[in-house]
Amino acid sequence: MGGNGKHRWKISFYHRSSSSSPKHPNNQPPPEFLCPISGSLMFDPVVVPSGQSFDRISIQVCLDLGFTPTLPDGSIPDFSTIIPNLAIKTTILTWCRDHHTQDPAPLDYTSVEKIVRSKIQQQTPSTLSSGPDIRFSERELLKAVAENPPVLFSHAATEIGPRINNLFCPTSSSSDESVIVTASPHTPLPLATLPACFSTPGSSSSSIEIIESETLNTNSQSSSPEEHEFFLKLKSSDIFEQETGLISLRKITRTKEEARVSLCSPRLLSTLRSLIISRYSVVQTNAIASLVNLSLEKSNKVVIVRSGFVPLLIDALKAGSSEAQEHAAGALFSLALEDENKMAIGVLGALQPLLHALRSDSEHTRHDSALALYHLSLVQSNRVKLVKLGAVATLLSMAKSGDSSNQALLLLCNLAACTEGKSAMLDANAVAILVGMLRDSDLVSEATRENCVAALFALSHGSMRFKGLAKEARAIEVLREVEERGSERAKEKAKRILQMMRTREEEDEEIDWEEALDSGGLSRTRYRVGRDVFGAKSTNF
């Protein structure tokens, strides 16, 4: 822009209007943006241990009235802990802006109270007639307990305190079913679907929940004799009886797939919650191992998360024995395979402990933590959280050192799919690190080379900074070598990276910016820049 004001730059970017491809006609918000209780757009969304999101005021009213609703899908939420769901709040606000809709306003207490009271009236008759589905509020149970304490509390009282250390019992498990298998190094990481702590067959819980589930299910017609036998053993006040029951449960759910469905009953899950926080390490380890086996059944995955196990698994991953940590990482990985669980597990705080577990002394803990993070990072909100937690520096360090480098590289590929991750990786000199690993071909495996090229390809996509950093790292010669001698997967990606870099070089050579600025003759290149470099985005000068 000269001083005479002759040259004016006009930069415009094409943005697809929300009306061009409406996902929700008539500006109707997606169901996941609505509070299941009030039915309104959530103003202050929070997530509960059972995985659902609610407006904070709705939960507060339910707690004040001592009411726990039964949701349309038949599940019963756990209101014991609430965590702000910033990811969905941001998504709701973005949706409102895109659809020119007013941001959600806070609901007043009185209006929500009316809604909840109407739900109480609707739910009470069906609840009374259904028998086994009766659910008492915690407040009512506490009142009843104060008047007539049940004997069952003698068991729960010794087990519900937060576990301070693992010194109450030897770390070795008395179970002979410590099923551990070494994953094949030739199997691509994302294809693994079983935790390392499982071989193919062939923060605190309340005792009130135990009593409640027992009340709910004692007369259940769907309860099998086998399930009832396990329930009696696991709720026993005798620690040895608990241990033998857990070992049997662990064994049968490992070898019999059909048993995983029948034994994943609400009352057995409720009892397992109390045993996972046991201060006896043998009990805790076998309880988590049994949960891993139950979680292998696809239909159980969402049920387990909504039963409030994720915070307990996080605690075990942080402070459990080595074997308990292995199984906790395996359980989180297994649960993360289900798309419906991914966001909930991230919101409930599993990302940082899993990231820390990548440095564990146990190979199985590292392996399953990496797999859990891989599947969790397929969700945009979890990618952003991992970047903010400093995952990029940790993963690049792991990749350079050769310590679980393939797992680290696959995670980096996922992080590069978001703007924040790509920017953090470029700032952390990821291009030079990855090119350096490719250059030392004698020191890395073919799988590692493939993953390095995949990570470079993810960084190159849509990044104007990549070309300069790649030139500085002398990446072209390395990529040409991969294109000639690498695997088919690596060849294809290396070829596409080189094509992208050549295209941008041709564009730079074709446009003499100084001459164009001096003459004002930019009309010849206007269309070409918008079409070839930016795709849907157009740049007009």
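A brief report on the enclosed structure follows. Treat the numbers as computed from the prediction; the structure is a model and nothing was measured. (Residues numbered from 1 in each chain as written. Predicted model: local features only at pLDDT ≥ 70, side-chain atom pairs only at ≥ 80, totals over all residues. Heavy atoms only, no water.)

## Section: the sheet that holds strand E3 (residues 83–84)
Basically, it comes down to this: When DSSP finds two or more bridges between a pair of strands, those strands are recorded as paired. Under the scheme used here, helices are H or I runs from DSSP no shorter than 4 residues and strands are E runs no shorter than 2 residues, and both carry numbers assigned from the N terminus.
If you trace the three strands from one edge of the open sheet to the other, you get E2-E1-E3, paired in antiparallel fashion. Strands with a single pairing partner mark the edges of an open sheet, and in this sheet they are strand E2 (53–55) and E3. Relative to E3, strand E1 (residues 45–47) runs antiparallel, the two sharing two bridges. In the strand pairing of E3, Val47 is matched with Ile83.

## A closer look at the nonpolar core
Note the cut-off: For this analysis, a nonpolar core means a set of buried residues of the types Ala, Val, Leu, Ile, Met, Phe, Trp, Tyr and Cys, connected via side-chain atoms within 4.5 Å. Three labels apply to residues, based on accessible area from a 1.4 Å probe with only protein chains included: buried if under 20% of the type maximum, exposed if over 50%, partly exposed otherwise in between. In what follows, a contact means two residues having at least one pair of non-hydrogen atoms within 4.5 Å.
With 104 residues, the main nonpolar core has Leu395, Val431, Leu456, Leu459, Phe466 and Ile497 as its most contacted residues. Those residues within four positions of Leu456 in sequence are excluded, and the remaining contacts are Val431, Leu434, Val435, Leu438, Phe466, Leu479 and Ile497.

## Digging into unusual backbone geometry
The backbone phi angle of His100 is positive, close to 50 degrees, even though this residue is not glycine. If you trace the backbone, His100 turns up in the loop between helix H2 (86–98) and helix H3 (109–130). For His100, a relative accessible area of 73% gives the class exposed. Even without a glycine there, the phi angle at Asn429 is positive, about 65 degrees. With respect to the helices and strands, the residue Asn429 is situated in the loop between helix H21 (419–427) and helix H22 (430–439).

## Some words on helix H11 (residues 281–295)
Residues spaced three or four apart along an α-helix face the same direction, because each turn holds 3.6 residues. The criterion, for reference: Every helix has an expected span of 1.5 Å times one less than the residues it contains.
For H11, with 15 residues, the first-to-last C-alpha span of 21 Å sits near the 21 Å given by 1.5 Å per residue. Taken across its 15 residues, H11 has 15 buried, putting it largely inside the fold.

## Remarks on the packing of helix H14 (residues 322–336) against helix H17 (residues 363–376)
Inclusion rule: Helix axes are fitted to C-alpha atoms over the stretch in contact, other axes to C-alpha atoms as well, and angles between N-to-C directions run from 0 to 180 degrees. Working rule for angles: under 35 degrees goes down as roughly parallel, over 145 as roughly antiparallel, 65 to 115 as roughly perpendicular, anything else as oblique. Should the near helix be turned counterclockwise from the far one by less than a right angle, the crossing is left-handed, whereas a clockwise turn marks it as right-handed. Residue polarity is assigned by list, with Asp, Glu, Lys and Arg as charged and Ala, Val, Leu, Ile, Met, Phe, Trp, Tyr, Cys and Pro as nonpolar; anything else, Gly included, falls into the polar class.
As a packed pair, H14 and H17 sit with axes 8 Å apart at the nearest point and diverge in direction by 25 degrees. Considering the angle they form, H14 stands roughly parallel to H17. Read as a crossing pair, H14 and H17 show a hand that is left-handed. The residues of H17 that touch H14, namely those facing Ser322, Gln325, Glu326, Ala329, Gly330, Leu332, Phe333 and Ala336, are His364, Thr365, Asp368, Ser369, Leu371, Ala372, His375 and Leu376. In terms of residue class, the contact of H14 with H17 is built from seven nonpolar, seven polar and two charged.

Without other data, these values stay purely geometric and don't point to any function.
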